[in-house]
Amino acid sequence: MTRKIEVLPDQKALIARAQELILSQTNAAIAQRGKFTIALSGGSTPKPLYEAIATQNLPWDKIHVFWGDERYVPPDHPDSNEGMARRAWLDRVDIPAANIHAVPTTEGDPTVSAAKYEKELQEFFNCQPGEFPALDVILLGMGDDAHTASLFPHTEALKVRDRLITVGNKDGNPRITFTYPFINAARCVIFVVAGANKKPALTQVFAPEADNSTYPSRLIQPQGELWWLLDAAAGDEIKL
């Protein structure tokens, strides 16, 4: 793993750098393997990033979109990560519907939904149970409690090491999430983190020693590249 930390002057520069990295990874993956796979994150920070990518002239038929986690709500719900990404990006470009691999959330049972999404991933990547395929890019955010995807501090999801997908828990509300071993199989993981409220968590995530269960973002140690893109508000005290 190679970890790279960049502190950008403001959120606009943060989004521009994230887009630059993603476009570079897109072009390289398509040149090498004929397709590009990316898992999206939710929250407010990546929305302008998705809006920027939507303006690009890309070979959309070669791009496959997944989600690293999803709230257990229908796609048209205001809290849906899929819904946000569709409005900001996917509905604005000519990407085939079959290339959008949304998290199922209408089964009524999060465990059933998690298993269904895992099966879709295994079929897409042609991998067996217990194998962890490599997405080209997994985009992540981080909460002020150091959670990422829906891997929250001291939750059962942090203990799952033999599956791609599991059920996360946020204050009693279920979420569907990638497991950390699946995230760590990626060719490139990009954290995009903004805001001064993230400073205390970042200090612990980057500390030589801290508890992984308390600060789950520490568990993200991918086999490929690891990028931490921070705005100045979040990262101005980080020692690079």
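Quick summary incoming for the structure in this document. Here the structure is a predicted model, which means the values were calculated and not measured. Residue positions within a chain follow its written sequence, with the count starting from 1. It should be noted that, the model being predicted, local features are given only for residues of pLDDT at least 70 and side-chain atom pairs only at 80 or more, the latter also being counted only at that level, while totals for whole chains, interfaces and linings use all residues. Side-chain measures here rest on the full set of heavy atoms in the structure, leaving out hydrogens and waters.

A few words now on helix α1 (residues 11-33). Runs of E in the DSSP output that reach at least two residues are strands. Runs of H or I that reach at least four are helices, and both are numbered from the N terminus. Here the expected span of a helix is defined as 1.5 Å times the quantity of residues minus one. With 23 residues, α1 should reach 33 Å at 1.5 Å per residue; the first-to-last C-alpha distance of 32 Å fits that figure. Of the positions making up α1, those classed as buried are Leu14, Ile15, Arg17, Ala18, Gln19, Leu21, Ile22, Leu23, Gln25, Thr26, Ala29 and Ile30. Polar contact is defined as a pair of N or O atoms within 3.5 Å, subject to the rule that within protein one atom must be able to donate a hydrogen and the other to accept it, and that residues adjacent in sequence are counted only when both atoms are side-chain atoms. For α1, the N-terminal capping position is held by aspartate 10, with its side-chain oxygen 3.3 Å away from the main-chain nitrogen of lysine 12. Within two residues after α1, glycine 34 carries a phi angle of roughly 85°, on the positive side. Summary of the burial criterion: residues with accessible area below 20% of their type's maximum are buried, those above 50% are exposed, and those between are partly exposed, where the area comes from a 1.4 Å probe applied to protein chains only.

Once that is clear, we can look at the environment of aspartate 211. Along the chain, aspartate 211 turns up in the loop between α6 (199-205) and β9 (225-231). The partly exposed category is assigned to aspartate 211, whose relative accessible area is 39%. Between two residues, a contact is recorded if the distance between any of their heavy atoms is within 4.5 Å. Apart from the residues within four sequence positions on either side, aspartate 211 is in contact with His154 and Arg218. Looking at aspartate 211, its side chain comes within polar contact range of the side chain of threonine 214, at 2.6 Å.

Two strands pair if DSSP finds at least two bridges between them. Pairing within the open sheet is antiparallel, and its 3 strands lie in the order β4-β7-β6. If you trace the sheet from one side to the other, it starts and ends with β4 (69-71) and β6 (165-170), each paired once. This sheet shows a mean twist of 30° between the axes of neighbouring strands, independent of strand direction. Convention adopted: a line fitted to C-alpha atoms gives each axis, helices being fitted over their contacting stretch, and angles between N-to-C directions are expressed from 0 to 180 degrees. Where helix α4 (residues 110-125) meets the sheet, its contacts fall on β6 and β7 (173-178), and the angle it forms with β6 comes to roughly 140°.

Salt bridge, as used here: a side-chain nitrogen of Lys or Arg that lies within 4 Å of a carboxyl oxygen of Asp or Glu. One pass over the structure, following the stated rule, counts 14 salt bridges. In this structure, the salt-bridge partner of aspartate 136 is arginine 187, at a minimum N-O distance of 2.9 Å. Of this pair, aspartate 136 sits in the loop between α4 and β5 (137-140) while arginine 187 sits in the loop between α5 (180-184) and β8 (188-193), placing them 51 residues apart in sequence. For arginine 187, a relative accessible area of 33% puts it in the partly exposed group. Connected through salt bridges with shared partners, the residues Glu6, Arg17 and Glu20 form a single ionic network.

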